[in-house]
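Per-entry structural report
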Amino acid sequence: MEILRISEADAADILRGIDDYPSGSRFVEVAAGDDAGQRLRVHLVDAGDADAPVIVFLHGNPSWSYIWRHQIAAAVAAGYRVIAPDLVGMGLSDKPTVITDYTVLRHVEWMRALLVDKLELSGATFVLHDWGGVIGMRIAAENPGLVERLVISNTGLPWRDPAEPLADDVEASGPFVDFQEFARTTPEWQPWTLLPMVMVTEPSSEVAHGYHAPYPDPSLTIGSRAFTQLLPTRPDNPMYPACNAAWEVLDVWTKPVLTIFSDKDAVAPDGWKPIVARVPGATDQPHVILEGGGHFLQEDIGEAYTEALTSWLGAAS
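Residues numbered from 1 in each chain as written. Predicted model: local features only at pLDDT ≥ 70, side-chain atom pairs only at ≥ 80, totals over all residues. Heavy atoms only, no water.

1. A look at the packing of helix α2 (residues 69-77) against helix α12 (residues 302-313)
Here α2 crosses α12 at 35 degrees, and the two axes come no closer than 10 Å. Read as a crossing pair, α2 and α12 show a hand that is right-handed. Across the interface between the two elements, H70, Q71 and A74 of α2 pack against G302, Y305, T306, L309 and T310 of α12. (Axes fitted to C-alpha atoms, helices over the stretch in contact; angles between N-to-C directions. Helix = DSSP H or I, 4+ residues; strand = E, 2+ residues; numbered from the N terminus. Left-handed = near helix turned anticlockwise from the far one by under 90°. Contact = heavy atoms within 4.5 Å.)

2. Section: the packing of helix α4 (residues 131-142) against helix α9 (residues 240-250)
The contact between α4 and α9 brings their axes to 9 Å, and the two run at 60 degrees. With respect to each other, α4 and α9 are oriented oblique. Where α4 crosses over α9, the handedness of that crossing is left-handed. In contact with V134, M137, R138, A141 and E142 of α4, α9 contributes A242, C243, A246, V249 and L250. Each residue belonging to the contact of α4 with α9 can be placed in one class, and the counts come to eight nonpolar, no polar and two charged. (Parallel < 35°, antiparallel > 145°, perpendicular 65-115°, else oblique. Nonpolar A, V, L, I, M, F, W, Y, C, P; charged D, E, K, R; others polar.)

3. Describing the pattern of salt bridges
Close approach of charged atoms allows side chains of opposite charge to pair. This structure, assessed with the given rule, holds 15 salt bridges. A salt bridge links E109 to R112; its shortest N-O distance comes to 2.9 Å. Note that E109 and R112 are positioned in helix α3 (residues 104-118) at a spacing of three residues, about one turn of the helix. On the basis of relative accessible area, E109 is assigned to the partly exposed category, the value being 38%. With a relative accessible area of 19%, R112 lands in the buried category. Two residues, D117 and R112, come together in a salt bridge whose shortest N-O distance is 2.7 Å. Overall, the relative accessible area of 44% leaves D117 in the partly exposed class. Three or more residues joined by partner-sharing salt bridges are found here, namely D20, R69 and E299. (Salt bridge = Lys/Arg side-chain N within 4 Å of Asp/Glu carboxyl O. Buried < 20%, exposed > 50% of the residue type's maximum accessible area, 1.4 Å probe, protein only.)

4. Considerations on the side chain of S153
Mapped onto the fold, S153 is located in strand β8 (residues 147-153). Judged by relative accessible area, S153 falls into the buried class, the value being 0%. A polar atom in the side chain of S153 sits 2.9 Å from the side chain of Y305. Ignoring any residue separated from it by four or fewer positions in sequence, one finds S153 in contact with L128, H129, D130, I260, F261, L297 and Y305. (Polar contact = N/O pair within 3.5 Å; in protein donor to acceptor, adjacent residues only side chain to side chain.)

Honestly, it's all geometry; don't read function into it.
Set out below in structure tokens:
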């Protein structure tokens, strides 16, 4: 596995150029999971009182920890310790250079290694969005004691009926097939240009810069491009068995689960439905679909989203 790395000095320069990026930036190394035994450096925000209850924010694609900047500030102000990693391949974290280096299994293991092995967290609240939902719900289900509460926004956990046989001629289908083809074949992948697709408001120049900033060289966008190829557009997607196993845990999960979605999300508009229907911990919670937000509700309706989140979380105790 060949790995691209932004130097700490360059990372510091990038962050200095973003006016509202949170303090607490640091790097932690985890095993790459390759035959050579290499290490990957994961960038994260680690902010607030180190002894306070922990909130973990997990982003998706095409974003990085920057997407949580307003929610991080609010959570720290409420007395929490906040952990907000950049997923491997995204933001300022290291980036394996080949699309096939990235799998959902590896993403789950990289974040598990960070949160469990390195940071030794327990009893955390997970706040999940987009791919962070797939990764985070898997981690929660597979690591008893790590997660005490779940907040799930504009995401979901894929499930496939194991009794349904696969056809002999399995093909990709659904609304994301053409998008996958474009992402796979376009000569230069620029994740920040997708903002108009995931927002309903016009991103300001400052916000556009925030999403562009970690990628001064086109080669650094490989992790974002790779995520597009992991979308479950085929019934034989390799993530299904492990996701089904996670659902077996979530089907009896009694710890609190809240969904906060937005009404104009075109990516996972119905992701909340199986969660509310199947997860016991979601019963009688104040689930909400906020008005006026696209897939990136943190950007479109950031104040409303932060208010819904923090009012449910309450102050750290």
